[in-house]
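Next come the chains, spelled out residue by residue.
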Amino acid sequence: CGKGFDNLVKGSQDYYRTAAVELWTHPSHVTDNATFEAEFECWFASMCTTKCGGLPSQADSRKKALTQKCQNVQVDWLKIWNLFSEEEVKWFKKNYPSDEVQEEGESTVHYKQAMETAKEVNKKELLCLTLFTIDDECVKWPHIRIA
């Protein structure tokens, strides 16, 4: 989880708090940001600690579409995934902390299984959080910037 959420500067923690309100809007997921708080804070802290892998902001070209799709409860996670650049997809797959770890013939289990569960249950919100964080220059402001 990088340096850990509690070790982030207050401005970064404030950014996450505003993002958790703005992005978890679906009636079936509105409290999941609290249910999986430790997992989402872990991923956010990891992104902040690694400066989002040095990925450049694409806010100018996608912020408006990203905001509309993330806040529309009719839009599914795949529409958000399709906003990721090829470089961002590679970075996300390499850095999101939930790798499969099982022996041959065993059920699929993930290292940090709770992180995998949080991702699968709230995939759209997690992907939105990831892209907003990147596009806000890996938390240059103390609040999420919605278009």
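Thresholds, definitions, all that
- Residues numbered from 1 in each chain as written.
- Predicted model: local features only at pLDDT ≥ 70, side-chain atom pairs only at ≥ 80, totals over all residues.
- Heavy atoms only, no water.
- Helix = DSSP H or I, 4+ residues; strand = E, 2+ residues; numbered from the N terminus.
- Buried < 20%, exposed > 50% of the residue type's maximum accessible area, 1.4 Å probe, protein only.
- Contact = heavy atoms within 4.5 Å.
- Lys, Arg positive; Asp, Glu negative; His and termini not counted.
- Charge placed at Lys NZ, Arg CZ, Asp CG, Glu CD.
- Expected span 1.5 Å × (residues − 1).
- Phe/Tyr/Trp six-rings, centres within 6.5 Å; stacked < 30°, edge-to-face > 60°.
- Lys NZ or Arg CZ within 6 Å of the ring centre and 35° of its normal.
- Arc of directions from axis to C-beta.

**Q** What is the right way to look at the overall build of the protein chain in this model?
**A** In terms of regular secondary structure, the protein chain is built from eight helices and zero strands. Each helix (α) and strand (β) of the protein chain, taken in turn from the N terminus, gives the series α-α-α-α-α-α-α-α. Residues classed as buried in the protein chain amount to 46% of the 147 residues present. Contacts spanning at least 24 positions in sequence make up 72% of the contacts within the protein chain whose residues lie at least 6 apart. Positive and negative charge centroids in the protein chain, built from 18 and 23 side chains respectively, lie 7 Å apart.

**Q** Is there a simple way to think about helix α8 (residues 123–135) in this case?
**A** Residue pairs spaced three or four apart in an α-helix point in one direction, given the helix's 3.6 residues per turn. Helix length check: α8, at 13 residues, gives a terminal C-alpha distance of 18 Å against a target of 18 Å (1.5 Å per residue), a fit within 8%. Here α8 lies mainly inside the structure; 13 of its 13 residues are buried. One or two positions beyond α8, positive phi appears at Glu137, with a value near 55 degrees.

**Q** Please explain the packing of aromatic side chains as it appears in this structure.
**A** By convention here, two paired aromatic rings are described through the distance between centres and the angle between planes. The full count for this structure, using the stated rule, is 13 aromatic pairs. One Lys or Arg, Lys123, reaches over the ring of Trp77 and ends 4.2 Å from the middle of that ring. Between Arg145 and the ring centre of Trp141, over which it is positioned, the NZ or CZ distance is 3.6 Å.

**Q** Would you explain helix α6 (residues 86–95) in this entry?
**A** Glu88, Val89, Trp91 and Phe92 are the residues of α6 that are buried. Taken around the axis of α6, the buried residues stretch over an arc of 165 degrees, which confines them to a single face. Opposite the packed face of α6, turned more than 90 degrees from it, sit the exposed residues Glu86, Lys90, Lys93 and Lys94. Elements that come into contact with the buried residues of α6 comprise α3 (37–49), α4 (59–71), α5 (77–81), α7 (113–121) and α8.

Shape descriptors only; they carry no functional weight alone.
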